Each structure stands twice: as C-alpha cells, then as structure tokens.
Amino acid sequence: MSTRYFGQPVKRNEDARLLTGSALFVDDVELGGMLHAAFLRSPYAHAKIVSIDLQAAKARPGVIAVYTAEDLGDYWQPGPLLVPPPPVPGIVFNLRTQVPLAKGVVRHVGEPVVLVIADSRYIAEDAVGDIYIDWEALPVAAELEAAARPDAPRVHPDIPGNVAAHAHQKRGDYARAAKDAHLTIKRRFTYDHGCSQPMETRGVVAQWDNKADKLTIWDTTQAPVAIRNGMAAMLGLSERQVRVIAPFIGGGFGPKIMMFYPEEVLIPWVAMQLNTPVKWIEDRAEHFVATTHERGQIHDAEMAIDKDGRILGVKDVFLHDTGAYDPYGLTVPINSQCTLLGPYVVPNYDSVFTAVFTNKTLVTPYRGAGRQHGVFVMERLLDIAAREIGITPAEIRRRNFIAPDAFPYNHGIIYQDFTELTYDSGNYEPILDQVLATIGYEKFLAEEQPRLRAEGKCVGIAVVCYVEGTGIGPYEGAKVQVQASGKVSVVTGIGTQGQGHFTSFAQIVADACGVDVTNVEVVTGDTDAFYWGAGTFASRGAVVAGNAIGQAAGLVRQKILATAAEHFECAETDLVIENGRVSLAGVPDHSITLGELAGMANPMRGAVAPGTEPGLEATSYFGPPMGATASGAHAMIVEVDPETMMVEIKRYAVAHDCGVVINPLIVEGQVQGGVAQGIGNAFFEDLVYNEEGQLLNASLADYLLPTSMDVPRMELTHTVTPSPLNPMGIKGVGEAGAIPVGPLFAQALEDALQLPQRGVELLDIPLSPSKLWELARGA
Amino acid sequence: MSSTGFADEVKVSLTVNGRRYTRTVEPRMLLADFLRHELGLTGTHVGCEHGVCGACTVQFDGQPVRSCLTFAVQAQGHEISTVEGLGEGPAKLSVLQEAFRECHGLQCGYCTPGILMTMQAFLAQHPDPSEAQVREALSGNLCRCTGYQHIVDAVLLAAKNLRAGGQA
Amino acid sequence: MKPAPFRYAAAQSVEHALALKAEFGEEARFLAGGQSLIPAMNFRLAQPAMLIDLNPLDDLDYIQVKDGALRIGARTRYSKVEHAAEVACWQPLLAEVLPNIAHPQIRNRGTLCGNLSHADPASELPAVMLASEARMHARSATGERWIPAAEFFLNLFETALQPDEMLVEIELPALSARTGTCFIEVARRPGDYAMMGVAARVSLDASGNCSAAGLALCNAGPTPMAALAAAQMLIGSDLGAEVLAAAAAQARDEVSPNGNVHCTPDYQRHLAGVLARRALTAAAARARTGTPA
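Here is what the cut-offs are and how they apply
Residues numbered from 1 in each chain as written. Chains lettered and ligands numbered in written order. Predicted model: local features only at pLDDT ≥ 70, side-chain atom pairs only at ≥ 80, totals over all residues. Contact = placed C-beta atoms within 7 Å. Helix = DSSP H or I, 4+ residues; strand = E, 2+ residues; numbered from the N terminus. Nonpolar A, V, L, I, M, F, W, Y, C, P; charged D, E, K, R; others polar. Domains from an automatic or database assignment. Pairing = 2+ DSSP bridges. Axes fitted to C-alpha atoms, helices over the stretch in contact; angles between N-to-C directions.

Chemist: Outline the interface of chain A and chain B, listing residues and values.
Modeler: The interface is formed by 44 residues belonging to chain A together with 42 residues belonging to chain B. Sorting elements by how many residues they give to the side of chain A that touches chain B places helix H17 (residues 664-684) of chain A first, with seven residues. Among the residues forming the side of chain A that touches chain B, the class breakdown is 20 nonpolar, 15 polar and nine charged.

Shown next, in the form of structure tokens:
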C-alpha cells in the first residue's frame, strides 16, 4: 500500500461547496409548510412562575400553537444523565437535569418557559412579546464562592450548599512531602473559560412524515447517533423510524455535544403533534443564555518543592461552577483535576473539588474541557516556584518533565474516560527545546530584553507546557465501499464541526484503496447511513474514527486483492492498485477498474460463496482502551504600553506533538484556531454577571471575540511520538491550541511589567488592560 | 400628506447577482432573511443580527454591507452581490475562492461567504496589500475556527494571482 | 432577533419626510444608515411605530466646501467622507477619526448625521464635533435652526432635536492657519467603541503661542465632554510639555466616566489624562510644522 496522501497537506474536499455557499447548514433546510418556533425565556436567574397569560399570544394572527410545561403532559420529563460520574472512591454526585419547559420555577436566565409556533420567526417573536408572566423573584446563587456556602440560596431546594458533586483523588502523601519540602507555595487562583460562541448558533428542524411513519431531524449536533437513539426512546418510536442529520456544522467546540437540550427535545415532538415541519434557529441573544458555557473555578492550591525546584507534591482544593443543572456529569472538573499534573513528575498529589450549582447557564465542556483551569494552576505554581529559587520558567519545567523512557506513565488517579490516568507516550524536553529555539528565548533574556528595557519599553517573554488527553473511546465505526462508479464511499457515525473530516478520512481510504483522494466520498452525521458511534468531541475524531476507517479500508483492500486475484487468476502479491485500477505488476495493460471489480463482486447470477459478502465493502470498529496523550509548549513575546496597558503580541510560537499526522495543513489550522480561542479566553472574553445572575454583556459587541488584528501570525513546529494505542499512531489535536494560553499571558505580562518585583502577581484569568492597570496601580 | 395608505407589505424589485427579482414583503424583513428564505440564496449566513460578526456581509452596489442591518425594502432598485455570484459554482472557483482552498483558509465555512464578499471588494481597491492591511480589512469579520492566519495567507495569495492576470 | 412590525415610508423629498415626522412625532424615526437603529430594533430595544426612510434622498448626500468650512448632508455615509480628499485637506480631525468608527461594512451604510442624532456618548464622532466647534442644522416642517455642538448633546442618547426635527446637515468651521489636530482612542479591539477617546485642536498665533484650543472626550460621561477648563489653560501658552501635562491632568479631573464591562471608571479617568496629553502633544507638533494631521 502506498502512502500517497497520508501525511500530506492535501487540499480539502469539502471546500468547494463551502466556498460557493452550496453547503447545507441546518438553517438552510426549507420544507413546505414549515412553521417556526420562538421561546419565551426566563429573564430572572431564579424565580417562581406564579401565572402565565397566553391569551393575547394565542390570538395573534399567524400563531399556530403555544405550549407550556403543562401542555406537554407525559412527555415532560427531566433530561437524562449523559456522562455518569467516574468511579472515584467516595465520590458524591447529585444529579439534577434540565427540563423541556420550566414548571413552576426557573433556575437561570434563559431557561425556556413557553414555546410559540407560528408562520414565521418574526410572528413567533411578536407572540412571545404578547405573553404576560407573573413572576416572584427568588434569592439568587450567583457568585461561585457565595453559592457554595451552606446558607446560600438553594438552586435546588433539597441541596444545601448547592453541592452538585464532591470528589477527592490522591496519590502518595502530600502532607508528608510538604513537611520535608524546601519550600511550599500557596496561592488562590481563579480561572474562567467563558463560552464557545461558534459563528453558527444552534438549530433544529423536524419533519414527521406520517405516511412513511418516519421522523427526520436536522440538528446542529456533534452527536447525531446519540440524539437519534435518545429521541426515538423519548418519542416512543423505534430507532429505525428516526433519522438525525447533522449536516455542515458552523463550529461546535463542545457545547453542541451537550445533548437533549430543551429545544432538541421539543421541536421533534411538536412536529409530530402538528404533523407539520417545524424549525427553530437560536439567535445570538439566545445563544448567550441557552447554550452551555464552561466558565469558572476557584483553586486554593499549594506546591511543595525541593531546593532545585523539583515538585515534591501538589495539593489543590477547588470549587467548580456547574450552572443550574449537571447532566454532563463531571467531565470538566475531572479534566481540571487530571490535566493539572501536566508533563511533570508529581510524586504526591491531593486534589479535591466541589462542583457547585449556581443560578446560571449550564456548564459543559468547551474546547479544552476543563484542562485550561488545571494547567493554569500548575503553570503558575511553577512560575512562582521558579522565581523563588531563582531559575527561569523554562528551566523549572525542564527539571520536572517525565522522562522519555517512563511511558506508559500511570498517575494513579481516575480520568474522564473512567480509566486510570495513563500517558501512553511522550517526549517533552525536545518540545520545550523547539519552542525555546523558535522564540529565541535565551537571546531575548540575555540581550534583547535588556536593550529594549533600556529604551523604556515594557517587553516580556513566557513559555508554558501542557499535555492533552485525546482519542478516548468508547469507539467509532466506519463502512467503506467501492461503488460501481469506481468512487469509494466511507460512511461513519462521527459528524463534523469543520475540522476537515471529509478530507483527512478520505486520505486514509485513498491510500488503502489506491484511488485519488477526490474520488473518496465521505458521509458523516447521517444516522440512516451509519448509526453507531459516540460523536465528535474530546479531540478523538482522527484517532478513533480515523483508525476505524483505516481498518475498514484495509479490509476492503484485501477484498479488492482477493477478487482481482481470482479474476486475473494470479497471486495477490502480483497485483498493484493505483489510480483506481488493479493491474498485474509490470503489465499495466492487464488491468481492471475498481468499479468493474465491484460489479463483479456483486453478481446477478451464480452464488456468493458461503462466509463471504457481496461487493467490496467492509465495516470495522475501533475502541481504544484509553486515550492517547498529546503534548505541547507555547511561547510568546509581548510588549505592553505601561500607560494604557494595551498589549501587543510580538511573537507567538507553538511546538506540538500529536503523534503521526494525517494532514499537516489541517493540524496547523486546528492549532491556530485553538490559540485564537485561547487568546480570547486569556485577554478578551469575560462573561460579566451581576449579583442577580444577569449576564451584562450578552452580545458580540460586548463579549469580545478576538479579531484578525488580535491574533498574531504563529510559528508552528512539531515533534512526533507515535501513540502505541492505535495502528496509525495518531493522537488528537483539536483542543491543544486553546489549553495553555491563560498562564502564558500571565507569565508574559508579569515579565513585561516586572510585576512580581513590584509585589503584584497575576493569578486570575481573564485579564484585560483595565484589570492590569487596577492591579498594578500603586505598586 | 395622507397618513393612510401604508401597506403591511411592500413590493421590492432588486437585482441579485445580476438577476432581477420582485417580491412583496413586510418592511421589517431583514435583507439577510430575504436573500436566504425569499430567494433561496442560503450562501449568506446569519451569525448575530447586530452587525458585529460579519457573516451576513453582502455587496450593496458593490460595497460590502451587513445584510442583517439592512431592510430588504431598502434594496429596492439596487444591486446586491452574494457569494453565489462569485466564480461559477463549485466546479469553477474564482481566483479568490481557489486561494482560500489552497491555503486552508476555512474550516467550518460559516463565516467564509461574508469574508469572501468583504475581501473581494477590498482587493479590487487594494491590489497589492500588505499583511497589516489585509488584517485590518478583515477585522470586521469574526472567525472562530481558523485563527485568521490561513485566511490572511489566502487573501495575499489571491492578490498575487490577480495581479498576475486573473479575475476575482 | 427580529424587529417588531412598523409602518414604512420611503421619503420622496425632505419636505415629505418632515411632514411625516410632524404628523407622527416620536412614534416615527428617521432611517438613514440604520447601523445604530436597526441593531436596537433587532434586539427590540427600539420599537418605532414608523420608519421614514431617507435613503432615496440623493440631494441629502453631499460634502460641500466653502472657504475651508465643510457642510455634510444627512444621507452622506461615513465611507464617502472618509475617502474624500476635501475632508483630508480641510478637516483633518474628521478624517483622522473616521477609520476608528466600527468597520468598513458599517461605514458603507452609516451616516454622520445619524450617528450624531443617536448621541451615544461612547461614540467618537460627537466628541470630534465638540472639539471642532461644529454646528448642527435642524429642520422641521415649520422651520429650521442651527444648534452649536456644545448645546446639541443633552444626555445619554438624547439631543436637543425636537420630536418633529431632522438633523439635515452639519457644518464644521474652517480651521485657522497654523492649526494642528489629533484624535486618539483606546479601544479593546479595532472598531470597538473607545474606552476613552480624545479629540484635540490647537491653533498658534503669529508669535507661536496658543490662540485657540478645543479638547473633547468620548465615553467620559453621559454626553461627549468638552474639557473647557483644560482647553482654557492652553490659551496664551507655548504649548510646552509642562502646560500640556497640566491641561491633561485638568481634563482627567473634569471627566466623570461610568465604567462598563470592559473598564473601571478609574481606568477610564487615567486614560483620559494619558490620551489628552498624547493628543495635545501631537496636535501642537502638527500646528508648529504646518502639517495638520
């Protein structure tokens, strides 16, 4: 098998459709007689619904139906638990899930209360304005620490202190390690990871065909198979009666894998009730309150080090804001807890968190999925330690890396995939060396910085490291088939968020089946085509689906060879597959196209031999026992205007290891996109709530996504430590860029403004010019 | 002047991508919705409906504007250009579109039509831009996927190819 | 985020527009660029019963120069003014501020008169009108009047325009010889509203001392703020570093910013002092060298 495409910067198959506006997104679906939905959403963070007056709304011309919780009858039920709590000994977990429409009480601004169905979205919004609700405001649990107090207003009446979960993981004996330490460093850190804001908001279109007895749902979901299975169960249909299509998705980043959102659950039900297609498209104002966030944690963390800066142990007690409900379990805080360990040897670890309900939008994973918070704590502790003992931030990291011969490296605590956190492979020092070389670390510290400082410029440099657990199970599957046209189709359950699956998957198949990559048709996100799989999230698509596809394509290759060998009456080893043809080696004229071969494998007469299947098709599944660990380092040089505190990024470097690479262009794009979101998180994006749980900046004018002038050109390098956990040696890369940017900014800005020397430390993310100025004034 | 005679709906005749259309719509219908749902030209995307993200950018008499901040009735008698009017379909991309494909200048593709309409007009006015100028011209279009670098590369490549003798 | 229903009238003439406004008063709003009005309508923060569309009125689209003074009509869009050679030549302060306002796509539709009627104190343009000592031409069905910029902005989103009046044009007076101007702002991202912005204008007399000065700030309070005492300090001075620093400190002490989700009031006040000093320094240098911007 040649590897003509694997590893190459192949241009994307899907681009022509996207570039010409001919790709289908959910809001592009137009069906005859389609009705439109709008919701009345709670304007209060916590309130009783005393009464609802729908008279005027129902009387408005063009309004077809109006629903409250009572109208749903038996269909009304709280949503399912999506991710069970991991098997951490002694774990406490209180499940409270979202409901389709609020009944009696609302628990966050934006919680849906009334659903209006009308001839147009315009009229539906008019009708929402007609609705009068008598509210009784209740005390609000807004700020995280306040919400965790035993006497705080209760988000759920039976849960004092708003405890959603409590989990304690430890390895070794931190207390003893701290006793012998040269130094212990103790700080409070806060980290807020905002929200995802993809350019495409959510949406659902549902069509019930009562003659075909079939429900079709178009949904901006990252998990079409799970949605199909769940909706079928909820609606009392068989799975085969429900087709979920996740077409082109305009960015997901995690919150589109939150499942059984109220709107997702309601729109198909309404379509069946009314026997008419129904569309709901979330607008941006809704998105700020109705789609999940990731938000914040407060860490009281401590690190014990020896005189050389080696970590003896880390202790961390943290609070995690989980919002009003917790259907997605503890993925985010468990990731924080585990990813804090980073690429370092941490002989003793004691980490305990309390997940806390608040009267705010739900919290579920968003690109990085809690890793950011843990990485911030570790990287900042290391920076403080480095300063205390007088070495550079680069040097302290170097001294603490896990050695390259220590893999697989088991940390002995439980990870989000329920296995023990084990790094499969890695080699961290070369990554650090690469990024330091790219940014010119030593030379900057020794020459450039002193020179620029003498000119009055405030310039700083920073470097941070991290690992990223990727490619977790449970599994994905794929079916590869050579068609009569000679094109090869590959169908998989995993969908797309824009990360190039139509190309990277095609590259794998093209190599195995000997066809041009543009002759591979990738079908994803259609449960009629393939209905097994978990979804696209957690940097797992290339690893898990990619390997399933590789296996299936390999099986098809065997069938091609076997069928052709029979046709040519030769040995399989005499055959060459190239450019869509199979030929005898050295005799190119003696060949047959793959399409013809596929026809031969699907005879109209005769018999298909027992134990074989017709056609050139194979289905295969891949389920890795645990995740593959990617890693990286970021470095940055900044200049700060000391009067305005405006920051300019002068250089940005990334060294990354995501194992074997399928398409370097796509990997670059993922890293760059991740870094951009990291820059947003570190310095621009800030969800500002008041004490009443109201989001004060619920628009893109005031929640600041970075623009082309805020994101610098990046210098990317990479190393490869192949994963031993999958045949292709791949690791995921989707989230990497976003993970370490917070501590990178903190380190760089402290350096640029020489803050620690002035008695100021940056222990909170996000930062901003105003926050910097307030922290630095008087120092 | 009479205060009666204001119709609930207004007739709009306009040209889109060189073709004339006439429809009768409520005055409040946004141009973005008109293009997408009245005319079925779904290439223009809606991202925010408050003029910030740029996904809805089209050309109004050749000038990039936010179609979410324009009422369809205001386009009466004017010429609108959308992404569907660039190139000749997926099989024959324009120089600008091809450069985006070449440079991996899109991931999910949702912001892309708005960026193409903005940058096509920009390149017509600035055939030899610096990177800084490209970034500034791009700053009114938000992208959440790419981090902008490959978009900038694509625009610079397109500029180069156009100078060498292509049509945008 | 769809707007509420409204009645729509495409103005056939200025008189027609004014007659409709006289009839419907505050229930009707003029629609020019719509770049401030339509987002407010999409959020349903504004729900006018009627829109009077001024876009058909080509005769309101002009930039007229007379002896260095500039008149700009109500339908003139930012982009036209931004690229007009006569603006760069005669009103460099206006030319300098325009690229800071939003983005080209907004500037291709939005109008200066629309911006000023909207009177957002965070917007850059009202401060420039104050610093330039511009005047606003208001017309109604029954009359017309000129309103000095200093009397035009009354409060947050509130101008001196009566319910039946339209801002039909603005006039920026000619700059005297040996005048330098400068506009500087600090915004989180390019095109965002400024956290603080300063427009400065200084003129020199024959002996090189300051004969006139204008200093205005945006996002400094409920209206754009003319730093009158600070400007007054400059008159008769040599515009040296010391007096500029003092004037900047005075401006800083005069502002009463409210803060917002992006910045604290103290930070804004601090920026006012920093930017006033920088803007005055640049304006003074330009006045001396004879290159206005």
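Next, the rest of the story.
Chemist: Go over the interface of chain B and chain C with me, naming the residues and quoting the values.
Modeler: Taken residue by residue, the interface counts 24 residues in chain B and 27 residues in chain C. The dominant element in the side of chain B that touches chain C, judged by the number of residues it contributes, is strand E4 (residues 63-66) of chain B, at four residues. For the side of chain B that touches chain C, the residue count by class is eight nonpolar, eleven polar and five charged.

Chemist: Residues and numbers for the domain arrangement of chain C, please.
Modeler: Residue and element names in this part refer to chain C. For chain C, the assigned domains are domain 1 (7-53), domain 2 (62-172) and domain 3 (179-289). Domain 2 puts 23 residues into the contact, and the matching count from domain 3 is 22 residues. Elements supplying a minimum of two residues to the side of domain 2 that touches domain 3: helix H5 (92-97), helix H8 (124-132) and strand E8 (153-155). Ranked by residue count, the leading element in the side of domain 2 that touches domain 3 is H8, at seven residues.

Chemist: Give a detailed account of the sheet that holds strand E1 (residues 7-10) of chain C, specifying residues and quantitative values.
Modeler: Residues and elements named next belong to chain C. Strand order in the open sheet formed by three strands is E1-E3-E2, and the pairing between neighbours is parallel. Pairing within the sheet leaves two strands with one partner each, and these edge strands are E1 and strand E2 (28-31). Strand-to-strand, the axes of this sheet are offset by a mean angle of 25°, without reference to chain direction. Bridge analysis of E2 against strand E3 (residues 50-53) gives four bridges, and the strand direction is parallel. Its bridge partner being in E3, Leu31 is matched across the sheet by Asp53.

Chemist: Talk me through the sheet that holds strand E4 (residues 63-66) of chain C; I want residue IDs and the actual numbers.
Modeler: Whether parallel or antiparallel, the strands of a sheet pair through hydrogen bonds between backbone atoms. Residue and element names in this part refer to chain C. Reading across from one edge, E4-E5-E10-E6-E7 is the order of the five strands in this open sheet, with antiparallel pairing throughout. Of all strands in the sheet, those with a lone pairing partner are E4 and strand E7 (143-148), marking the two edges. Looking at each pair of strands side by side, their axes are set apart by 20° on average, direction ignored. Bridging between strand E6 (residues 135-140) and E7 involves six bridges; their strand directions are antiparallel. Counted as the bridge partner of Ser140 is Gly143 from E7. Against the sheet, helix H1 (residues 14-24) touches E6 and strand E10 (166-172), its axis set at about 125° to E10.

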